[in-house]
Amino acid sequence: MMGLLNAISWSIDPVIFQLGPLQVRYYGLLFATGFVLSFYIVSYFYQKAGLEVEEVDKLTIYVIIGAVLGARFGHVFFYDWDSYKEYPSEILKVWHGGLASHGGAIGILITVYLYARKFKRNYLWVLDRVVVPTALTGALIRIGNLMNSEIYGKATDLPWGFIFLRNGEVRPMHPTQIYESLIYFAIFGFLWWIYKKRDGLVPHGQLFGWFLILIFGSRFFIEFLKYHQSSFIGQDAALNMGQLLSIPLVIAGIYFLISSKNKPTEP
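## So, the packing of helix α2 (residues 55-79) against helix α4 (residues 101-119)
Line of reasoning, step 1. Packing of α2 against α4 brings their axes to within 6 Å, and their N-to-C directions diverge by 145°. Crossing hand, α2 versus α4: right-handed. For the pair α2 and α4, contact is made by E55, K58, L59, Y62, V63, G66, A67, G70, A71, G74, F78 and Y79 and by H102, G103, G104, I106, G107, I108, T111, V112, L114, Y115, K118 and F119, respectively.
Line of reasoning, step 2. Class assignment of the residues belonging to the contact of α2 with α4 gives a composition of 13 nonpolar, eight polar and three charged.

## A word on a nonpolar patch on the surface
Line of reasoning, step 1. Together, I61, I65, L69, F73, F77 and L92 make up a nonpolar patch on the protein surface, roughly 570 Å² of accessible area in all.
Line of reasoning, step 2. The residue L69 is located in helix α2 in this model.
Line of reasoning, step 3. Residue classification places L69 among the partly exposed residues on the basis of a relative accessible area of 43%.

## A look at the nonpolar core
Nonpolar side chains tend to gather and get buried jointly when the protein is soluble and globular.
Line of reasoning, step 1. Core analysis: the largest hydrophobic core is formed by 42 residues, its most contacted members being Y46, L59, V126, L207 and F211.
Line of reasoning, step 2. Ranked by the residues each element gives to this core, the list is headed by helix α5 (residues 123-147), at eleven residues.
Line of reasoning, step 3. Other than its neighbours up to four places away in sequence, Y46 contacts L51, E52, E55, V56, L59, Y115, W125 and V126.
Line of reasoning, step 4. Core analysis: the second largest hydrophobic core is formed by seven residues, W10, F162, F164 and M173 among them.

## What about α5?
Line of reasoning, step 1. If you check α5, its first and last C-alpha atoms are 35 Å apart, about what 25 residues at 1.5 Å a residue would give, namely 36 Å.
Line of reasoning, step 2. Its maximal kink placed at V131, α5 deviates by approximately 25°, while the proline P133 follows within four residues.
Line of reasoning, step 3. Of all 25 residues that make up α5, 22 are buried, and the element is covered over most of its length.
Line of reasoning, step 4. The N-cap of α5, judged by a side-chain oxygen 3.0 Å from the amide nitrogen of L124 a few residues on, is N122.
Line of reasoning, step 5. Immediately downstream of α5, the backbone of S149 shows phi near 55°, a positive value.

## Remarks on the pattern of salt bridges
Line of reasoning, step 1. Applying the stated criterion to the full structure yields six salt bridges.
Line of reasoning, step 2. Note that E223 is salt-bridged to R219, the shortest N-O span being 2.5 Å.
Line of reasoning, step 3. Given a relative accessible area of 3%, E223 falls into the buried group.

## Topic: the side chain of S246
Line of reasoning, step 1. Within the secondary structure, S246 is located in helix α8 (residues 241-259).
Line of reasoning, step 2. Among the polar contacts listed, one links the side chain of S246 to the side chain of H102, at a separation of 2.9 Å.
Line of reasoning, step 3. The contact partners of S246, leaving out residues within four places of it in the chain, are H102, F216, R219 and F220.

## Comments concerning the packing of aromatic side chains
Line of reasoning, step 1. On inspection of all chains with the given rule, the structure shows 25 aromatic pairs.
Line of reasoning, step 2. Taking 6.4 Å as the distance between ring centres and 35° as the angle between the ring planes, the aromatic pair formed by F188 and W192 counts as tilted. Here F188 and its partner W192 are both found in helix α6 (residues 176-197), four residues apart, which amounts to about one turn of the helix.
Line of reasoning, step 3. According to the relative accessible area criterion, F188 is buried, its value standing at 17%.
Line of reasoning, step 4. Ring pairing ties together the aromatic residues Y44, F45, F188, W192 and Y195, which thus form one cluster.

About the cut-offs
- Residues numbered from 1 in each chain as written.
- Predicted model: local features only at pLDDT ≥ 70, side-chain atom pairs only at ≥ 80, totals over all residues.
- Heavy atoms only, no water.
- Axes fitted to C-alpha atoms, helices over the stretch in contact; angles between N-to-C directions.
- Helix = DSSP H or I, 4+ residues; strand = E, 2+ residues; numbered from the N terminus.
- Left-handed = near helix turned anticlockwise from the far one by under 90°.
- Contact = heavy atoms within 4.5 Å.
- Nonpolar A, V, L, I, M, F, W, Y, C, P; charged D, E, K, R; others polar.
- Patch = residues over 30% accessible without salt bridge, like charges linked within 9 Å, V, L, I, M, F, W, Y side chains within 5 Å.
- Areas by Shrake-Rupley, 256 points an atom, 1.4 Å probe, with all protein chains shown as cover.
- Salt bridge = Lys/Arg side-chain N within 4 Å of Asp/Glu carboxyl O.
- Buried < 20%, exposed > 50% of the residue type's maximum accessible area, 1.4 Å probe, protein only.
- Core = buried A, V, L, I, M, F, W, Y, C linked by side-chain atoms within 4.5 Å.
- Expected span 1.5 Å × (residues − 1).
- Bend = angle between axes of the 7 residues up to and from the residue.
- Polar contact = N/O pair within 3.5 Å; in protein donor to acceptor, adjacent residues only side chain to side chain.
- Phe/Tyr/Trp six-rings, centres within 6.5 Å; stacked < 30°, edge-to-face > 60°.

Structural data, given as structure tokens:
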């Protein structure tokens, strides 16, 4: 990385080190770090609620399955179905890249519901605890996207624009990965503050509602700085796929936030 005129030249190697065929990448390391931190944060929530911390092991498995499969299928069907329908065997090759956060969110909603039903926990109570570290994990994943020189924005004249040399770019681009990462860190701090302010006694759905509004509301506006990534929507369309998928999630967040006022706080 080096300064170039009024921009930043970015050519970081996404691979930290390699042992034979095994590559350790920044993206994978940050992704895994997010899940490890999430495990300890949710364990704290369970312990404070007087629940068995061992149960978080099982919840973590549900969340990982939902996040990875949901993000993968979200990318396939929301963004690049034209390519995958020609080569369906590529769908399960997650290591080739291609994960969509909206799909990951849907996957987590489904698997957390299955977990709550099996272990007889209130669905919204569990979601309120899961979304807090999810915001933190999202921030780390966006840093991973930066290290991969992917999912950046349109050209910009701003002095903090990044020239992604590994992709052959010659113009500074909006480093939207950094914008989103900083916002997600702030959202994590806000959700944590609400939890601590109420000493863990948060009405069911309140944290989940704030999460949906803030995460996908910010995503909606940042998408204006990006090129359209979906094969279904042309570059001249008013809204891109990420924005269209964010709108119903923001509306759902408003509903859960308003309805949480009369909800209990017990698990």
